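What the coordinates show
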Amino acid sequence: MSKESALSHSTIDPYKFLQIVPNTDGTITRDWSNYPSIVAKSDPGDNTLLVLSKDVPINKLNNTWVRIFLPRQALDSSFTIKLPLLVYFHGGGFIILSAATKYFHDFCSKIAVELPAVIVSLDYRLAPEHRLPAAYDDAMEVLHWIKTTQDEWLQKYVNFSCSFLIGDSSGGNIAYQVGLRAALEVDNMLPLKIRGIILNSPYFGGVKRTESELRSANNPFFPLCGNDLMWELSLPIEADRDHEYCNPTVGGGSKLLYQFKLLGWKVLVIGGNEDPLLDRQIQLLKMLEQKGVKVVSRFGKLGHGSDEDPTELHKDILPVIKRFVSSSIMATE
């Protein structure tokens, strides 16, 4: 990693902030009690459930799985329209949290009802035990699983030609990076057809500090030292923050964006004026526009992702996501 460290700018202990303990073998111990989780519920007889959910294994060797969300209204015999599919990647700086984490479970449930849509939320391998590109590999694997699975919910209720990638924070990073990969093998993805990518508070960085990052040195919700530590634990060994996994403006990734343009994919960038990563999100937005990619942006008075009150955050961005999905589908019809 770069010798430049956020520790000189911060009075916050990044390990205590992230509630992790480093181990001598390079792994970390996570206190999962700090991250409330939700059990999937798929009983159609439970009328209190607006959304049914179930967990399905993907790769038992890697212990990856997905949580699928199905809006109850799809079970109504009068509901004959197949639903768009959103493949969701959770946040957590690549090192913590899960598809079962309450915040992400609730968010996916709300999307499923509001759009409506079927959501496939991936529980991918975490760093530092599995450094990048492990999460990207898991995400590509789930896309290939989706196109071949005989899962009843997906086969019966999904319109695979109206699919989207969506992610929060580091999940937004995954959605972007996997979008670059998927754009190169669209014919091999059929019947899955991606129409757009939704990046909610996407997690990117770089060696040179931005103004919004420097302002966050002692941000209690997302301090710069915590940001740096997550990259240190998730990037390949010896890589610094100017690796293309972290900084989308370097390496070969940006050169692949012409594929987004050729395919007509739209990208939604959701950011917050109080987010320490605001400048990174604006850099990404400008780069996409310069490459001719169709971009929709929404910057509100938000912090970073799950730092916000979930009810207010969902109320603020769900209509934006709904409009983006609807307009993207209409543009291809």
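Position numbers for residues count from 1 along each chain, tracking the sequence in the order it is written. Thresholds applied to this predicted model are a pLDDT of at least 70 for local features of residues and 80 or more for the giving and counting of side-chain atom pairs; totals over whole chains, interfaces and linings are not thresholded and use all residues. As a convention, hydrogens and water are excluded, and side-chain values are obtained from all of the structure's heavy atoms.

Here we look at the overall build of the chain
Labels follow the DSSP assignment, with helices taken as runs of H or I lasting at least four residues and strands as runs of E lasting at least two, numbered in each case from the N terminus. A count of helices and strands for the chain gives ten helices and ten strands. Expected size for 333 residues packed as a compact globule is a radius of gyration near 20 Å; at 19 Å, the chain falls within 12% of this value. Along the longest, intermediate and shortest principal axes, the C-alpha atoms of the chain span 60 × 45 × 40 Å. Exposure classes here rest on a 1.4 Å probe applied to the protein chains alone. A residue is buried below 20% of its type maximum, exposed above 50%, and partly exposed in between. In the chain, buried positions account for 56% of the 333 residues. Counted over contacts in the chain with a minimum sequence separation of 6, partners at least 24 positions apart contribute 76%. Only the protein chains shown count as cover for residues, and all accessible areas are computed by the Shrake-Rupley method using a 1.4 Å probe. When the accessible surface of the chain is totalled, it reaches about 14300 Å², and 52% of it is carbon and sulfur. In this description the radius of gyration comes from C-alpha coordinates, and the expected globular size is given by 2.2 Å times residues to the power 0.38. A contact between two residues is defined here by any heavy atoms of the two lying within 4.5 Å.

Side note on the pairing of strand 3 (residues 51-59)
Here is the key point about a regular strand: its side chains alternate between the two faces of the sheet. Burial runs high along strand 3: seven of the nine residues are buried. Pairing between two strands requires that DSSP report at least two bridges joining them. With eight bridges connecting them, strand 3 and strand 4 (residues 64-71) associate as antiparallel partners. Its bridge partner lying in strand 4, V56 is registered against V66. Adjacent in sequence and paired antiparallel, strand 3 and strand 4 are bridged by four residues, among which N63 carries a positive phi angle near 55°.

Regarding the confidence of the model for the chain
The quantity called pLDDT is the predictor's confidence in a given residue, expressed from 0 to 100. For the chain, mean pLDDT is 92; residues scoring 70 or higher make up 93% of the total. Contacts for the low-pLDDT stretch residues 1-8, under 50 throughout, to residues beyond four places or in other chains number 20 contacts.

Brief notes about the pattern of salt bridges
Should a side-chain nitrogen of Lys or Arg be within 4 Å of a carboxyl oxygen of Asp or Glu, the pair is scored as a salt bridge. Tallied over the full model, the rule gives nine salt bridges. Between E129 and R30 there is a salt bridge, with the nearest N and O atoms lying 2.7 Å from each other. Taken together, the positions of E129 in the loop between strand 6 (118-123) and helix 3 (134-148) and R30 in strand 2 (residues 28-30) put the pair 99 residues apart, joining distant regions of the chain. Here R30 falls in the buried class, since its relative accessible area comes to 15%.

With respect to the sheet that holds strand 9 (residues 266-272)
With respect to topology, eight strands assemble into an open sheet ordered 3-4-6-5-7-8-9-10, the strand pairing being mixed. Each of the sheet's edge strands pairs with one partner strand only, and the pair in question is strand 3 and strand 10 (294-300). Ignoring strand direction, the axes of neighbouring strands in this sheet form an average angle of 20°. The angle between two axes is taken between their N-to-C directions and runs from 0 to 180 degrees, where each axis is a line fitted to C-alpha atoms and a helix contributes only its stretch in contact. Across the sheet, helix 5 (residues 170-183) touches strand 5 (83-89), strand 7 (158-168) and strand 8 (194-200), and the angle it forms with strand 7 is around 135°.

Notes on the state of the cysteines
Two cysteines form a disulfide when their sulfur atoms are joined by a covalent bond. Throughout, disulfides are identified as pairs of cysteine sulfur atoms within 2.5 Å of each other. This structure, assessed with the given rule, holds zero disulfides. For the unlinked cysteine C108, the closest cysteine sulfur is that of C162, found at 19 Å. In this model C225 remains outside any disulfide bridge; the closest cysteine sulfur is found in C246, 16 Å from its own.

Remarks on the nonpolar core
Side chains of a nonpolar character, in soluble globular proteins, are inclined to be buried together. If you look at the biggest cluster of nonpolar residues, it comprises 102 residues, and the most contacted ones within it are L85 and I321. At eight residues, the largest contribution of residues to this core is made by helix 3. Not counting residues up to four positions away in its chain, the partners in contact with I321 are F107, L115, I166, I198, L268 and I270. Buried residues of nine kinds, namely Ala, Val, Leu, Ile, Met, Phe, Trp, Tyr and Cys, make up a nonpolar core once their side-chain atoms join them within 4.5 Å.

Describing a nonpolar patch on the surface
Where nonpolar side chains cluster on the molecular surface, the patch consists of L184, Y258, L262 and L263 and spans about 400 Å² of accessible area. As for its placement among the helices and strands, L263 is situated in helix 8 (residues 258-263). Patch rule: a residue counts if its relative accessible area is over 30% and it has no salt bridge; like charges are joined within 9 Å, and nonpolar side chains (Val, Leu, Ile, Met, Phe, Trp, Tyr) within 5 Å.

Points about the packing of helix 3 against helix 5
Where helix 3 contacts helix 5, the two axes come as close as 9 Å, and the packing angle between them is 60°. With respect to each other, helix 3 and helix 5 are oriented oblique. The chirality of how helix 3 crosses helix 5 is right-handed. Taking contact as the criterion, the partners of A135, Y136, D137, A139, M140 and L143 in helix 3 are, on helix 5, N173, I174, Q177, V178, R181 and A182. A class-by-class count of the residues in the contact of helix 3 with helix 5 yields eight nonpolar, two polar and two charged. When describing relative orientation, an angle under 35 degrees is termed roughly parallel and one over 145 degrees roughly antiparallel, while 65 to 115 degrees is termed roughly perpendicular and anything else oblique. Here a crossing is called left-handed whenever its near helix is offset anticlockwise from the far helix by less than a right angle, and right-handed whenever the offset is clockwise. Throughout, the ten residues Ala, Val, Leu, Ile, Met, Phe, Trp, Tyr, Cys and Pro are labelled nonpolar, Asp, Glu, Lys and Arg are labelled charged, and all others, Gly among them, are labelled polar.

Some thoughts on helix 3
Here a helix's expected span is defined as the number of its residues, less one, multiplied by 1.5 Å. Spanning 15 residues, helix 3 covers 21 Å between terminal C-alpha atoms, matching the ideal 21 Å at 1.5 Å per step. All of the buried residues in helix 3 are A134, A135, Y136, D138, A139, M140, V142, L143, W145 and I146.

Considerations on the packing of aromatic side chains
Centres within 6.5 Å are what make two rings of Phe, Tyr or Trp a pair, Trp counting through its six-membered ring; a difference in plane orientation under 30 degrees is then read as stacked, over 60 as edge-to-face, and the rest as tilted. In the structure shown here, the tally under the stated rule is twelve aromatic pairs. Ring centres of Y103 and F104 lie 5.3 Å apart, and the angle between their planes is 90°; this geometry places the pair in the edge-to-face category. Judged on exposure class, the residue Y103 and its partner F104 are both buried. Geometrically, the ring pair formed by Y136 and Y245 is edge-to-face, given 5.1 Å between the ring centres and 80° between the ring planes.

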